[in-house]
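# A structural walkthrough
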Amino acid sequence: MRAYYFDNIPGDQRLPHDSENPVSDEILKSIGALYWHIPTNQQDQIDTIAEERSYKHRDTITVTKQDLGDEYEPLLKKFFQEHMHQEEETRYVIEGSGFFDLREHSSGSWIRCQIVEGDLFAIPPGIYHRFTLDENNMIKSLRFYKDKPNGTHINRDSSTDVHPSRVDYLKNLAVN
């Protein structure tokens, strides 16, 4: 995984938008983002992390025009709208690649995280983020859940800053 500040230049969201200003592992940890690189032939390592993080459920999602048909463009639009979740969001990339953009609370800047095959990436509940494919237009990933699968998006608006998940996230930032 490679992380850097998003350049904010208008254009196709699937382009790198690389500002050439890298983001350190320490900054990612400070906003609650976790990352491991695990080759796809080492399933036991994935299972160990899943057990350590108390993930009870997992499923697979494939995001391609071929697999999703008419749902492809609306789904990408939904994923790229700034939102948060009430639960941790964790993905392991089996094949393909894409970008998670994380909103850095202290600056309001977007941090772009390029994820590729073998990357396991987790973000905390309450962090504002968005996702898009890259120019390869394909990702297949495992999704992990601590409880029943619930990928409900809470789109950012005037009410989300007081949502319990967001308030807890901000409290955790202040402690760390």
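Summary of the structure given here.

About the thresholds
Residues numbered from 1 in each chain as written. Predicted model: local features only at pLDDT ≥ 70, side-chain atom pairs only at ≥ 80, totals over all residues. Heavy atoms only, no water. Helix = DSSP H or I, 4+ residues; strand = E, 2+ residues; numbered from the N terminus. Polar contact = N/O pair within 3.5 Å; in protein donor to acceptor, adjacent residues only side chain to side chain. Contact = heavy atoms within 4.5 Å. Buried < 20%, exposed > 50% of the residue type's maximum accessible area, 1.4 Å probe, protein only. Arc of directions from axis to C-beta. Pairing = 2+ DSSP bridges.

Relative to the helices and strands, Arg130 is located in strand 9 (residues 129-133). Among the polar contacts listed, one links the side chain of Arg130 to the side chain of Asp101, at a separation of 2.8 Å. With residues near it in sequence (within four places) discarded, Arg130 still touches Phe6, Phe79, Phe80, Gln81, His83, Phe99, Phe100, Asp101 and Trp110.

Here Met84 shows up in strand 5 (residues 83-84). Between the C-alpha atoms of Met84 and Pro125, which are 41 residues apart in sequence, the distance is 6.9 Å. Each residue touching Met84, except ones within four places of it in the same chain, is listed here: Gly126, Ile127, Tyr128, His129, Thr152, His153, Ile154, Thr160, His163 and Arg166.

For helix 2 (residues 43-52), the full list of buried residues reads Ile46, Ile49 and Ala50. Down the axis, helix 2 shows its buried residues gathered within 100 degrees of arc, on one side only. Helix 2 presents Asp44, Glu51 and Glu52 as exposed residues on the side facing more than 90 degrees away from its buried surface. Buried-residue contacts for helix 2 involve strand 3 (34-37), strand 4 (57-63), strand 6 (89-103), strand 8 (119-123) and strand 10 (139-145). Positive phi shows up at Ser54, right after helix 2, with a value of about 65 degrees.

This part covers the pairing of strand 6. Burial runs high along strand 6: 12 of the 15 residues are buried. Inspection of the sheet shows strand 6 paired to strand 8 by four bridges, in the antiparallel sense. Bridge pairing in strand 8 places Arg91 opposite Phe121. Note: strand 6 against strand 10, six bridges, orientation antiparallel. Its bridge partner being in strand 10, Val93 is matched across the sheet by Ser141. Taken together, the seven bridges between strand 6 and strand 7 (residues 110-116) define a ladder with antiparallel strand orientation. Bridging from a neighbouring strand, Phe99 pairs with Gln114 of strand 7. Counted along the chain from strand 6 to the antiparallel partner strand 7, the turn is six residues long, and its residue Gly108 has a positive phi close to 80 degrees. In the sheet, strand 6 pairs with strand 9 via five bridges, with the strands oriented antiparallel.

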